[in-house]
Every structure is written in structure tokens, then in C-alpha cells.
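Coordinates in review
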There are 2 protein chains.
Amino acid sequence: MGKQAQHAISPTRQEDYPEWYQQVVRAADLAETSPVRGCMIVKPWGYGLWENFQRALDGMFKATGHKNAYFPLFIPLSFLEKEAAHVEGFAKECAVVTHHRLEADGTGRLVPTGELEEPLVVRPTSETIIGAAFAKWVQSYRDLPLLINQWANVVRWEMRTRLFLRTTEFLWQEGHTAHATAEEAHVETAKMLDVYADFAENWMAMPVVRGEKTAAERFPGAVNTFSIEAMMQDRKALQAGTSHFLGQNFAKAAEIKFLGPEGREEYAWTTSWGVSTRLVGALVMTHSDDDGMIIPPKLAPAQIVLLPVIQKEDVRAQVLEYCANLKRELESVAYHGRQLVVEIDDREVRGGGKVWEWIKRGVPIRLEIGPRDIEKDSVFMGRRDRSHKDRVGVSRSEFVATITKTLDEIQQTLYERAVAFRRENTRQIASKDEFYAFFTPTAGQKPEIHGGFALCHFSGDEAVEEQVKADLNVTVRNIPVAEDAQKLGCDGSPGTCVISGAPSTRRVIFAKAY
Amino acid sequence: MGKQAQHAISPTRQEDYPEWYQQVVRAADLAETSPVRGCMIVKPWGYGLWENFQRALDGMFKATGHKNAYFPLFIPLSFLEKEAAHVEGFAKECAVVTHHRLEADGTGRLVPTGELEEPLVVRPTSETIIGAAFAKWVQSYRDLPLLINQWANVVRWEMRTRLFLRTTEFLWQEGHTAHATAEEAHVETAKMLDVYADFAENWMAMPVVRGEKTAAERFPGAVNTFSIEAMMQDRKALQAGTSHFLGQNFAKAAEIKFLGPEGREEYAWTTSWGVSTRLVGALVMTHSDDDGMIIPPKLAPAQIVLLPVIQKEDVRAQVLEYCANLKRELESVAYHGRQLVVEIDDREVRGGGKVWEWIKRGVPIRLEIGPRDIEKDSVFMGRRDRSHKDRVGVSRSEFVATITKTLDEIQQTLYERAVAFRRENTRQIASKDEFYAFFTPTAGQKPEIHGGFALCHFSGDEAVEEQVKADLNVTVRNIPVAEDAQKLGCDGSPGTCVISGAPSTRRVIFAKAY
């Protein structure tokens, strides 16, 4: 990198965290803004990452009995209106189609014509349109449970957008299920929350806390909303996935009814659950450092890059052939349900430029291969979980024999680092003063990086939520399930609300949030 | 099926071909219409099919060096206007977003508000928006070729829609590439046409003819359009995929320029190519019969269904365990790049209902398994390429040992049948009278089923195209490449136009078309 910087990414996290994020996304070539307000372009390396998210999640959905289907992009306005809380929640951010053709006006400019009788909303989520289909599909208890997932694009008109974290159009999956009993729908809601937590922890190497949302943060139209919450490196919480128990609200709105075994007509109980391309942003902010992106091997579009070192033309053929052979050998290795993916970067770029490009892209393992390595039948390896200076020569056979172990080790290291970071920045807080101090940057702190997860007793009083939101921009992220509360070090004993002093039976996570 | 019908689908192809198609799609549970004008709901069995289309095609795109990316759903009106022929081609069928929120009016009804300064068109195709990105990505000849594919939904406002064949919203992939020379772009255009033909023939078991379109049928804005054309069972042609050489038209509209090796600035040469969920409709109309859908094994969402025969409760556990074991054994078998997929249908349905459901869904192999089969360690097999009455007992071990061979045989049979059907309904025609007779139903023919592929000399005169279109609703489907013309039996000698008598160097396919 020469003398201009100690780090590949400028600014660093400490210098300007929000800008660091944008620069990491840019340097890793994941995505860019588009000329369309708030819509992003997901570039090949970013889309390759998303494809791996999809593959892993889709396998988990299918293993839990769900089938994929596809429903219309457009929702008639009258459908959205059927569930009052739902439409209230989305009305302010809907893209609305009002015309179905373009015609030249007097001046030759194209203007929309063919006005629709009923405007169509570009789906912000699909409960209402899928509910209408379910109403047709469900007649008898024998048709239940109905377990459907959809991979789709959705649109929510956002005023302030950031690549992956908040965009007007985003890609996601939305699960929609219908059940004969409330109990079964509750089980489904919890099961899919577990699937998301499993994916976050074991694929993204990102620790998360499962828990229920308070009423203030509930999905519009849901009875209960559950989330997984992760801590980013600026100590803010990021809601990484949600699972909703919808009760009979949407079933009543869409008339999803069935005849029970005793011949009585009943409304179904439904759930919905989703994760989106936002997870890519979460991945970036969980693992990246001041040299750029770091991708957990299990999700990397390529686990290994081979960088031929060709200083003289007469060795080119030999080096490239060695690389091609090594690539073939490595790509025959199975790794968590697919084959390893290996890139060879044989572009002619001078100096360290190519190496740095792959560091910034976060590829887990880099191998530099020149004539001398070939002579010794060895490879010169850099690992993205270690310093870029920390490179070692390894015999080729040993490298190949231990590759999956090495990758699993990197995956584990990233997870442990993230767990340690979360531990360092999680605190049980018992007094209002300490609470306010925790969420107020000190003189030595950057305003963008402070606070963390405050594990506090809270009695459920909405006035308290409103107050800390107004004062500190802090909200209840969720009410952790017992197992996850314990992992965070909660003692589990009752206490009194950190703000109001009212009696409380359990702690919640307060944090600033994305 | 009792006495009410000899066939599971009513009407039959002969009785009412268009209605037969709708009934096959419905009986196979592939898709249904939605409450949103022209938009369909793709149901799990249909979507499972599409997922297999995607998996196979995506592998082929990646093997030819393409990477996936994702671009915005919305296109600013001003972008669309940049290429005159392009906007002209799509202006009449554009869904236009004009507002970005909903608000209650005086009466409490929601109405669109927040009018956009510039209307946004829901993408009918993405040349213009992807072109704008390419203009940023391409600076030097070193950035070329740029080989990108997108899996996406697109919207073209259609007045008359039919499930899969023509819908307002459909799912597709669109490849977009940029090259340094016209020659390279031509090679790409031809290569992707070959990929489509390979997929159609070797995965869909659907013979196709590769060829160039005449100017009348060209993609709006393209220099040359090439297609693959398949013959449906009503003898109409279906355009199953297109590949466009766009010359420098879109590069000039979007300013995709690069510095050549000599430092001269040049416009890039671009291509685009796409196939859509229309292919599912093509699959239905190529292979299905009067008992419903027939799915080629390589694309089937499940290759085998196990139907437990449980007449007494005391055998239930034994039969279900036998089925579960057999499923496990079969699903460990590799089949064309993935594992076999086996369904067990253990629903309690009386009589032959379940068997007929799977016949109509087109699953390649059905196994009925009851206590007596288990005693003999055998299975009772029905193949979807044979009559439903034609079932045989096979020893379990033999069935398992030969399963991939059996499936390949079914795949091959379907392909050969389709080739034979096309051969029977393709004719070289030399006189105008014969041409008009060929495309006019005789007294004994259903108007919906007649004609076929007329291989005729044609000099390229647009007046001739207009005339046969006006008289017979017949168009030039494409000008077959030499290899495919030969397969159709073309002698390759020059001649004179079948209509005008003008000298002609090659034959084209005239047909009625979807």
C-alpha cells in the first residue's frame, strides 16, 4: 500500500464508521447506487454472496417442509386496505402504479396514459395477496398446514437509503404459512426464528439474540413479532430477521377458512417470516476490518484465489498450468454441501494491486504461486482472518489435505471474535444514570461508536420506551428468549425497571439500532 | 376414472386445444390466475419445475463465463427514451409508477399521493438501465468482455393473457454483455443461442430450430435477433428463447465507451438474450397428453412418487417404513448433477384418486407399494411415458440398480416423440396454392389444430410477410441455420419465393405462432 495509508480502507472504523461501511462495500465491489432513487445495483461479487445466502437458507426451508411458490408483484389497493393496522404501517412508503402505457403528448414527450381503474401497489410485503390465494387453497383441515416460501423483490419507498441496509427495492424471502390451531402457528413462528438464528450463527458466523419485540416494534398487523438481533462493530443492533405470529388477523381479512374434523368452519392461524439482502450489510459490519471485507468461508463466492506470480514471460505457461491443476484439484473437494470455488486471477496488474484487491473483497485464502513455489511444490498462503503480512509457505499436498479444516478454522475464528466483541459491549445495567451514561458518548468517544447492548429490567411500560427513544434514540431491541438471555450473562432473577423502578420479571436488550 | 371419461383431462386436445392446455396446467397444479389483471400465481409444483429450469440454465451460463448481478426494477422514463426503436416497441405495454405514498382522502379512502417528478417504468426488459451501469463499469478494453446475467421479474402490460405463455408479469433471465468488437459480440449472440438450443433439446426434450428473425419480428433496438422455435402439439410455433446482436445501438444510447489498446475511444458492442417462464408453457404443450402433464425426468420436481397401499391399519407402519427406506436409498442416487427426488404420498384418499393426481402432475415414475409387494421385495411401477394401464412388477433391487437408465430412457422417448411429431408436421412447400391450403383447416380438421412448419423459399420481401400475415395469420418464424435446416430435411438448394416467385437462396419457416 506504500506510504499513503496504513490500511486499505479510508476512513477507518474509528475515523468515520458510516463512511467506512460505504467504502468497504465499494472496495469489495459488492454493490453501488443506481440512477433510480434508493435502488441499488448488486454487483457480481455481492450477488454471488447473496446466491450463497439463498442456497443455504432455501435448503433449510425445504428441510423444514416448505415449498417455494411465486405471487404477483402488484397488490390491488383494496387488498392492502383489508387489514387496517397493516395498511397503516405501509401506506407512507408505497410505490403506486397508476397507468399502463406511455404516449407522446403534443410536444413529443412521453407521458403516462391508460389510467388504471384501481391503482396497484408494488408489494412492500405479500401477506394480503398471498392471503387471498390461501383462502382459495384452504378448504378443509386436511389442507393444513400450508407451508409456502417466496423469493422476491419488494419495494418500500425510503427517504434515506444505504446500500444493503435500507434500500427502496430489496431482495428477500417471505415465508407464509397457515395452520389449523394457534398452537401450531406458534410452533412454526418459533421454528423459523430458530432457522434464522442457526443460519446467522453457523453460516454468517454472526451471533444473534432471539427474542420477542415489544408492541412498539411489532410488524403492522401481527399479534407477536420475534426477531434475531446482532451487534454491529459500532455497537448498534441490527435486526437480522423477523418471524411473525399473525393470529387470525390476516385470515379474517382474507377469509382463510377451513372445515375442521368435526365439520365446524374456523379461521386459519397464519405466520410470516423474512430475511433480506440487509443480511449482506450485517455480514459486512460484523466481520470487516480496516483492510476491507472479510467473508466467512461457508458463504464466500470463492474460498480461495490463486495469484500467479509471473515476472518473466518464459515461466507464464508453467505457472498458469500449475494454477489450473491446483484449481481443479481443490474444486473436487466437498465443503458444506457444495464444492470449493477457486478463482485464478491472471490479469496483468503490477505490484501488490491484485493481492490488495482480494484482501478488500474478503476472500478467505489467497495463494501466491510463482516458479520458486512450484519448484518446492509449495504455495504461499495468506489468510484473511490474519494480518496481510502474516503469510506462510505450505507444501501443496499439506495445503490440499487440510483445506477444509483450515476454512472451518477461519469460520470459527470469525464467529468467536464476533462473540467476544458482543460480550465486551454488553452490560447489565441497573440504574437510570448508568443507562444514560452508557448511551451518551464520552469526550474520548466518536459519537458513532459507543454504547452497546444494555441488558436491563423493563416492566413493559410504553411511556418508558417513548422516553428513552426521545432522549437517547435507544429502543428495546427484543426480549431475549431464556436460552439467549443466559448466553448474554443474564442472571434470570426478577428486578425493577431500570428507568421507572416498576417491578419486572425479565431483562430486555436496549440499544441504538439500524 | 370410472365411466365418465376415457381421459383424465377434459376436453382432449382434439376436442378443444386451448382449453385442454388450461386444464392440463390446472390439473398439474402448476399455476393459477390471480386477482391482479394478467398476473399469475406459480404454485409449488410449477415453481419447482421453474427452479430446475433455473438450476440447469444457470449452470450453463456460469460455464460460459457469465456472472449474475441484479439491477433496479424501475427504469426512469428518460432512460427508456434514449433508444428510439426500443421505447417505441415497449411504450404501449408499460406499467408506470407515478406516486410514492397513499393517503386517506376526505371520505377515508386511500388515494395515491407524493407524485414523482419523473415517472418510473416497471422494467419490461433491462437494456437501458443495465446499459447505464455498463457505461460506468467499462473504461478500457481490459474491462471487456463484460458478461452479466440477471434473474428477475419483468412486466409487460398484456391485454390477452394465458398462464405461462403470455402474462403481464413473468419471471425470466436476461443476459447482457459488452464486447470490444462486433465479431466478439456476434460470437456471443450465437453461443447463447446454442446454449438455449442445448437446454431445450437436452433438458426439456423439446426439439428446436435455431435461426435469425426477419426485420418484422426483431427485438426493438436490435440489429439482429435470433430465436429458437419449437413446434407445439397444435402445430403452432412457439418462440422459446431469443438472442440479440444489438450492434452499437444501446452503447451509443447509454454511452458505453472504452479506450482501445491504441488509446482510441470506441463504443462497445452489446448483446442481450433471454428465456422466461414461457418455457414452462412450452414444456406443457410439447409433451402432455389427454391424461395431463408429462415432465421430462431431468427437469421433474420429483422423478418418482411412492404410493403406499394400505388397506388394513395393521400394515400401515410396515408399508410406510418400507417406503421411507426406499426413498432414502433412491435419493442417494446421483442423476444429472443432483440427487434423485422422491415423494411419498401417504395422504388417506380412497380409490385411484392419488394415482391419477400424479399422472396429471406428470411425475415420470409411480410406484405402488403394498404388503404383497413388500413380501416379494418388489415394486409395482407405472411410467408416465406409457399408458396408465401398462404397469409392471419389478424386483426392488433391479428397479434401484436401473433407475437412472429407466429415467434416461423416458427422457429419450419424449424427445423422439417430439421430433417425430415435428417431422410429420413439417413440409417443404413450393407453390402459393399449396401454402394457402396448408394453413387453412380442412372440413375434417379442428381450426385450432392444422398446418405446421412450412419450409419455403422466401426472398426477404416484407410485402410478402405482411400479406400472409393478413391472409392467414402466418409469419416467418425464423431463417434456420444451415445445420438445423438440414435436420428438417431442407435440400439447401436455391429456389424462388413460394408467394412472389422472386429468387431466393434459402428456405425459412412459416408458421402460425404463439
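Residues numbered from 1 in each chain as written. Chains lettered and ligands numbered in written order. Predicted model: local features only at pLDDT ≥ 70, side-chain atom pairs only at ≥ 80, totals over all residues. Heavy atoms only, no water.

Turning our eyes to something else, we now look at the overall build of chain A. Helix and strand content of chain A: 16 helices and 27 strands. For chain A, whose C-alpha radius of gyration is 26 Å, the value lies close to the compact-globule estimate of 24 Å for 514 residues. For chain A, the spread of C-alpha atoms along the three principal axes comes to 80 × 65 × 60 Å. A fraction of 70% describes how many contacts in chain A between residues 6 or more apart in sequence connect residues 24 or more apart. About 20,700 Å² of surface is accessible on chain A, with carbon and sulfur atoms providing 48% of the total. One finds the centroid of the 62 positive side-chain charges in chain A at a distance of 4 Å from the centroid of its 70 negative side-chain charges. (Helix = DSSP H or I, 4+ residues; strand = E, 2+ residues; numbered from the N terminus. Rg over C-alpha atoms; globule rule 2.2 N^0.38 Å. Contact = heavy atoms within 4.5 Å. Areas by Shrake-Rupley, 256 points an atom, 1.4 Å probe, with all protein chains shown as cover. Lys, Arg positive; Asp, Glu negative; His and termini not counted. Charge placed at Lys NZ, Arg CZ, Asp CG, Glu CD.)

This part takes up the environment of B:Trp137. Counting through the fold element by element, B:Trp137 comes out in helix 5 (residues 127–137). Residue B:Trp137 is classed as buried on the basis of its relative accessible area of 14%. In sequence terms B:Trp137 and B:Lys257 are 120 residues apart; their C-alpha atoms lie 9.7 Å from each other. Dropping the residues within four chain positions of it, B:Trp137 is found in contact with A:Glu32, A:Ile41, A:Lys43, B:Phe71, B:Asp143, B:Leu146 and B:Ile148. Here A:Glu32 takes part through its side chain, which lies 2.9 Å from a polar atom of the side chain of B:Trp137. (Buried < 20%, exposed > 50% of the residue type's maximum accessible area, 1.4 Å probe, protein only. Polar contact = N/O pair within 3.5 Å; in protein donor to acceptor, adjacent residues only side chain to side chain.)

Right, let's talk about the confidence of the model for chain A for a bit. Per-residue confidence for chain A averages 95 on the pLDDT scale, and 99% of its residues sit at or above 70. At the level of chain-chain contacts, confidence expressed as ipTM amounts to 0.96, with global pTM at 0.96. (pLDDT = per-residue confidence, 0-100.)

For the rest of this paragraph, the subject is the nonpolar core. Of all hydrophobic cores here, the largest spans 89 residues; its most connected members are A:Phe74, A:Val122, B:Phe74 and B:Val122. Each residue touching A:Phe74, except ones within four places of it in the same chain, is listed here: A:Val97, A:Leu120, A:Val121, A:Val122, A:Ile129, B:Val36, B:Cys39, B:Ala95, B:Val122, B:Val155 and B:Trp157. (Core = buried A, V, L, I, M, F, W, Y, C linked by side-chain atoms within 4.5 Å.)

Enumeration according to the criterion identifies 38 aromatic pairs over all chains in this entry. On the basis of an interplanar angle of 40° and a centroid distance of 5.1 Å, the ring pair of B:Tyr17 and B:Trp20 is categorised as tilted. Linking B:Tyr17 with B:Trp20, this pair stays in helix 1 (residues 17–27), spanning three residues, or about one helical turn. Grouping residues by exposure puts B:Tyr17 and B:Trp20 together as buried. Put simply, the rings of A:Trp50, A:Phe53, A:Phe61, A:Trp151, A:Tyr196, A:Phe199 and A:Trp273 touch in pairs and so form one group of aromatic residues. (Phe/Tyr/Trp six-rings, centres within 6.5 Å; stacked < 30°, edge-to-face > 60°.)

Note on the identical chains: chain B maps onto chain A by a rotation of 180° and an axial translation of 0.0 Å, with an RMSD of 0.0 Å. Viewed as a symmetry operation, the transformation between the two copies matches a two-fold axis. Considering only C-alpha atoms, the residue of chain B closest to the rotation axis is B:Val97, which sits at 2.1 Å. Both copies contact each other with a shared surface, as 100% of the interface residues of chain B are interface residues in chain A too. (Least-squares fit on C-alpha atoms with pLDDT ≥ 70 in both.)

On a regular strand, each side chain points to the face opposite its neighbour's, so the side chains alternate between the two faces of the sheet. Residues and elements named next belong to chain A. With respect to burial, strand 11 (residues 237–245) is a largely interior element, eight of its nine residues being buried. Pairing of strand 10 (residues 224–231) with strand 11, which is carried by eight bridges, proceeds in the antiparallel orientation. In the strand pairing of strand 11, Ile-228 is matched with Gly-241. The hairpin turn running from strand 10 into strand 11, its antiparallel successor, is five residues long, and Arg-235 in that turn takes a positive phi close to 75°. Direction of pairing for strand 11 relative to strand 14 (residues 269–276): antiparallel, over a ladder of four bridges. Each bridged residue has a counterpart across the sheet, and for Thr-242 the counterpart in strand 14 is Gly-274. (Pairing = 2+ DSSP bridges.)

With 62 residues of chain B in contact, the opposing surface of chain A contributes 62 residues. Here chain B meets chain A over a buried area of about 5,200 Å², counting both sides, of which 66% is carbon and sulfur. The largest per-residue losses of area from chain B upon contact with chain A belong to B:Tyr70, B:His100 and B:Leu102, which jointly make up 13% of the total buried on that side. Connecting chain B to chain A are six salt bridges. A salt bridge links A:Glu343 to B:Lys67; its shortest N-O distance comes to 3.1 Å. Scanning the region where chain B abuts chain A turns up 30 residue pairs in polar contact (both at pLDDT 80 or more). For the side of chain B that touches chain A, the class distribution of residues is 40 nonpolar, seven polar and 15 charged. Pairing geometry for strand 5 (residues 96–104) of chain A and strand 5 (residues 96–104) of chain B, over three bridges, is antiparallel. The residue bridging A:Val96 from the neighbouring strand is B:His99, located in strand 5 of chain B. (Buried area = accessible area lost by both parts, 1.4 Å probe. Salt bridge = Lys/Arg side-chain N within 4 Å of Asp/Glu carboxyl O. Nonpolar A, V, L, I, M, F, W, Y, C, P; charged D, E, K, R; others polar.)

Moving on to helix 10 (residues 353–361) of chain B. Buried within helix 10 of chain B are the following residues: B:Lys354, B:Val355, B:Trp356, B:Trp358, B:Ile359 and B:Arg361. Packing partners of the buried residues in helix 10 of chain B comprise helix 2 (44–63), strand 15 (304–308), strand 18 (342–344) and strand 19 (365–369) of chain B.

Moving on to the pattern of salt bridges. Considering all chains together, one arrives at 64 salt bridges over all chains under this definition. A salt bridge links B:Arg386 to B:Glu409, with the nearest nitrogen and oxygen atoms 3.9 Å apart. Here B:Glu409 lies in helix 13 (residues 403–424) and B:Arg386 lies in the loop between strand 20 (378–383) and strand 21 (391–395), a separation of 23 residues in the sequence. Through salt bridges with shared partners, a single ionic network connects A:Asp29, A:Glu32, A:Lys43, A:Arg361 and B:Lys136.

All names here are of chain A. Burial of helix 8 (residues 278–287) is extensive: 10 of the 10 residues sit out of reach of the surface. Turning to helix 8, its buried residues are Arg-278, Leu-279, Val-280, Gly-281, Ala-282, Leu-283, Val-284, Met-285, Thr-286 and His-287. Turning to helix 8, the residues buried within the fold contact helix 1 (17–27), helix 2 (44–63), helix 6 (182–202), strand 11, strand 14 and helix 13 (403–424).

Attention now moves to the environment of A:Ala56. Residues and elements named next belong to chain A. Mapped onto the secondary structure, Ala-56 falls in helix 2. Assessed through its relative accessible area of 10%, Ala-56 is described here as buried. C-alpha separation for the pair Ala-56 and Ser-387, spaced 331 residues apart in sequence, amounts to 29 Å. In contact with Ala-56, not counting residues within four places along its chain, are Phe-199 and Trp-203.

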